[in-house]
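Single-letter residue listing:
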Amino acid sequence: MKKLSTILTAGVLAMLSVSAFACPKGTQLQGGTGPNHKGGKCVAAHGKATAKKEAVKAKQDVKKDMTEQKHDAMMKSMHAQHESQQMTHQMKQDAVKTANTAKAATKP
């Protein structure tokens, strides 16, 4: 039983020591040499994440602005087309009224 508890304790300590090599949350290992970056230091990764978030937000803002500009241009085009159709329709109605008035005036 004593051997089993010793082996378990050694295993637990080995696991704790292995996990101690990782950097704390929010930091990154930078520098050092070799496959495990021996001699490297944990550096805060917050600056990089913030820069990435700001870049993504800037891209989203640009995309939103472009979408709004396209929408505005499309709406102006639709309004101009609608006004043109209304003017054409009004001109046709005026022509029919004029023709009807002329017919009524020429009837005996």
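This text follows the structure it describes.
Below is a short write-up of the structure. (Residues numbered from 1 in each chain as written. Predicted model: local features only at pLDDT ≥ 70, side-chain atom pairs only at ≥ 80, totals over all residues. Heavy atoms only, no water.)

### Looking at the overall build of the protein
Then, in step 1: A count of helices and strands for the protein gives two helices and two strands.
Then, in step 2: Along the protein, helices and strands appear, N-terminal first, in the series α-β-β-α.
Then, in step 3: Carbon and sulfur atoms form 65% of the exposed surface of the protein, whose accessible area is close to 10,100 Å². (Helix = DSSP H or I, 4+ residues; strand = E, 2+ residues; numbered from the N terminus. Areas by Shrake-Rupley, 256 points an atom, 1.4 Å probe, with all protein chains shown as cover.)

### Focus: a nonpolar patch on the surface
Then, in step 1: A contiguous nonpolar surface patch, about 400 Å² in accessible area, is contributed by Met1, Leu4 and Leu8.
Then, in step 2: Secondary-structure assignment places Leu8 in helix 1 (residues 2-19).
Then, in step 3: Classification of Leu8 as exposed rests on a relative accessible area of 54%. (Patch = residues over 30% accessible without salt bridge, like charges linked within 9 Å, V, L, I, M, F, W, Y side chains within 5 Å. Salt bridge = Lys/Arg side-chain N within 4 Å of Asp/Glu carboxyl O. Buried < 20%, exposed > 50% of the residue type's maximum accessible area, 1.4 Å probe, protein only.)

### A word on a negative patch on the surface
Then, in step 1: Taken together, the side chains of Asp61, Asp65, Glu68 and Asp72 define an acidic patch exposed on the protein surface.
Then, in step 2: Tracing the chain through its elements places Asp65 in helix 2 (residues 46-106). (Lys, Arg positive; Asp, Glu negative; His and termini not counted. Charge placed at Lys NZ, Arg CZ, Asp CG, Glu CD.)

### What about the environment of Thr27?
Then, in step 1: Counting through the fold element by element, Thr27 comes out in strand 1 (residues 27-30).
Then, in step 2: It is 5.7 Å that separates the C-alpha atoms of Thr27 and Cys42, two residues lying 15 residues apart in sequence.
Then, in step 3: In this structure Thr27 touches Cys42, Val43, Ala44 and Ala45, once residues within four positions along its chain are discounted. (Contact = heavy atoms within 4.5 Å.)

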